[in-house]
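Structural overview for review
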Amino acid sequence: MGWRAGVALALAGSLAQAAEPKPLPPKPSVGEIVKASSAADWRPLDLDNTLYMELPGGRVVIELAPPFAPNHVANIKALAREHYFDGLVILRSQDNFVVQWGDPDEKNPRPVKNAKMKLKAEFTVPMKNDKHFTRLKDVDGYAPQVGHSSGFPAGRDPKKGETWLAHCYAMVGVGRDNEADSGGGTALYVVTGQSPRHLDRNITVVGRVVSGMPLLSSMPRGPAPMGFYDKPEMRVPIGSFRVAADVPKEERSNFEVMRTDSATYQKVVEAQRNRGGPWNVVAAGHVDLCNAPIPVREKGGEQK
């Protein structure tokens, strides 16, 4: 072997060694941090702002966010209390996007009693409405600032004095037509795919599913355009849709959500931002708003 070949082999070996990443030191995982949390790190759901949607496969629990859409939240609760959704259906499941429920009969829609069919849009609200915002240090392409408020992912623009809920997985929004003020809550949807953040500030978002997402995300995809079910037998019936406060105590679910303004939750976010070894090779040093988990657990039980 000539000296040139020997130098080349030595250089290649050095480069290979230099390129081999060092293992990351172990760090507590999200699960370990949650397991070590205290009772003070958790809050119960507000029964008057929690909904139960009963499907053939089980219960979907939705937490509403009055500070971000006060009029729509009040109207959806009015719809629930007049049993508007009872007997209506899941009518759409679009792959990597949303599952939607409501009245499939657009020509002869079910009438409302005390609620309203349409409301003025609440795409954004004044920042003064939100008194519990905890900002993420990470940059975001859809908002000048992002973070969490009482268990909900939110964006805000301090220059405009506006805040809004983000379209992350499991967030619940109000369906509408082309006109901004054409929705009221009679058609609702939940995000089941990659977070469609381009919808932020274009649709009123009212809350998020805290339990039961597998029931929704596993719905068969609709064959018609936009994932609609084109045959009545494909639609999934809604047994009932209730405000949790109106349900007998013995029939209520008992969930807690980790307080997103707690020091423990900041540890959860950091664990997601910079995961430790030995499996991880590179620490991302960044977390997307919609990939910052918000832990939910049954009171005295397991994390969901």
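Everything here concerns the structure above.
The rules behind each value
Residues numbered from 1 in each chain as written. Predicted model: local features only at pLDDT ≥ 70, side-chain atom pairs only at ≥ 80, totals over all residues. Heavy atoms only, no water. Disulfide = S-S within 2.5 Å. Helix = DSSP H or I, 4+ residues; strand = E, 2+ residues; numbered from the N terminus. Salt bridge = Lys/Arg side-chain N within 4 Å of Asp/Glu carboxyl O. Buried < 20%, exposed > 50% of the residue type's maximum accessible area, 1.4 Å probe, protein only.

Moving on, we get to the state of the cysteines. Within the structure shown, the criterion is met by one disulfide. Paired through a disulfide, Cys168 and Cys290 show a sulfur-sulfur distance of 2.0 Å. Looking along the S-S bond of the Cys168-Cys290 disulfide, the torsion reads about -75°, which is the left-handed sense. Of this pair, Cys168 sits in the loop between strand 10 (162-165) and strand 11 (171-174) while Cys290 is found in the loop between helix 5 (263-273) and strand 17 (296-298), placing the two residues 122 residues apart along the sequence.

Taken as a whole and judged by the stated rule, the model has 14 salt bridges. Its salt-bridge partner being Asp246, residue Arg81 comes within 2.7 Å of it at the nearest N-O pair. Residue Arg81 is located in helix 3 (residues 70-81), and its partner Asp246 is located in the loop between strand 15 (240-243) and strand 16 (255-258); the two are separated by 165 residues in the primary sequence. The shortest N-O distance in the salt bridge between Arg221 and Asp95 comes to 3.1 Å. On the criterion of sequence distance, the pair formed by Arg221 in the loop between helix 4 (213-217) and strand 14 (236-237) and Asp95 in the loop between strand 4 (89-93) and strand 5 (98-102) is long-range, its members being 126 residues apart. Given the relative accessible area of 35%, Arg221 is considered partly exposed. The exposure class of Asp95 is exposed, given its relative accessible area of 53%. A single network of salt bridges, built from pairs that share partners, joins Asp48, Lys77, Arg81 and Asp246.

Purely geometric numbers; function is a separate question.
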